[in-house]
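Listed below, chain by chain, are the residues.
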Amino acid sequence: DSRFRYIEPYYGRLTQAQGDVKPMGEHKQFNGLVATWFSVILFAQLGVLLRLVLTQLSALDGHQMSTTLYSNFLGCAAIAFINAAKPVFDSFKLAPIFYGICAGFCGAL
């Protein structure tokens, strides 16, 4: 068809009627980015809630010098286990959940 011409496979199709270039996979990349940000936001809220619970529990006995000791330890241990399991997340294409747990949950914890 003479109305369509291809620039390059990466840049997509240029139509004379529209006059714009739409990258191939643009919506797929956008959906992946939205899923990653949604996952980070969701897991960050869960991390904050768990940090508040651990802070209240550690302050009950009154002997603890630092009320954030347990949450810091749990955050470091969780990020170590999640980073060790990164190949599992990659094999099932669960990168948004991996980033949500690492950056969101462990970062907020």
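Reading the values: the criteria
- For every chain, the first residue of the written sequence is number 1, and numbering continues from 1 along that sequence.
- Confidence filtering applies because this is a predicted model: local features only for residues at pLDDT of at least 70, side-chain atom pairs given and counted only at 80 or more, and all residues used for totals across whole chains, interfaces and linings.
- Remark: hydrogens and water are excluded; side-chain values derive from all non-hydrogen atoms of the structure.
- The numbering of helices and of strands both runs from the N terminus, where a helix is a DSSP run of H or I of at least 4 residues and a strand a run of E of at least 2.
- A 1.4 Å probe rolled over the protein chains alone gives each residue an accessible area, and that area as a share of the maximum for its type sets the label: buried under 20%, exposed over 50%, partly exposed in between.
- Two residues form a contact once any of their heavy atoms are found within 4.5 Å.
- For accessible areas, the Shrake-Rupley method is used with a probe of radius 1.4 Å. Any residue's cover is judged against the shown protein chains and nothing else.
- Think of pLDDT as the predictor's per-residue confidence, scored from 0 to 100.
- A helix is expected to span 1.5 Å for every residue after the first.
- Fitting axes to the seven residues ending at a residue and to the seven starting there, one defines the bend at that residue as the angle between these axes.

Moving on: the overall build of the chain. If you tally the helices and strands in the chain, you get four helices and three strands. Scanning the chain from its N terminus toward the C terminus, one meets helices and strands in the order β-β-β-α-α-α-α. Evaluated residue by residue, the chain yields a buried proportion of 20% over its 109 residues. Considering only residue pairs separated by 6 or more positions, the chain has 41% of its internal contacts joining residues 24 or more positions apart. For the chain, the accessible surface area stands at approximately 8200 Å², while carbon and sulfur atoms represent 68% of it.

In this section: the environment of Ala103. Here Ala103 shows up in helix H4 (residues 95-108). Residues in contact with Ala103, not counting those within four places in the same chain, are Val40 and Ala108.

Another point: the confidence of the model for the chain. Overall, the predicted model of the chain reaches an average pLDDT of 79, with 72% of residues at or above 70. Across the chain, H4 holds the top mean pLDDT of 93, while strand S1 (residues 4-8) sits lowest at 46. This stretch, residues 1-17, has a pLDDT under 50; its non-local contacts, to residues over four places away or in other chains, come to 28 contacts.

Our focus in this paragraph is H4. Between its first and last C-alpha, H4 extends 19 Å over 14 residues, near the 20 Å set by a 1.5 Å rise per residue. At Ile101, H4 shows its maximal bend, which comes to roughly 30°. Every buried residue of H4 is listed here: Phe98, Gly100, Ile101, Cys102, Gly104, Phe105, Cys106 and Ala108.

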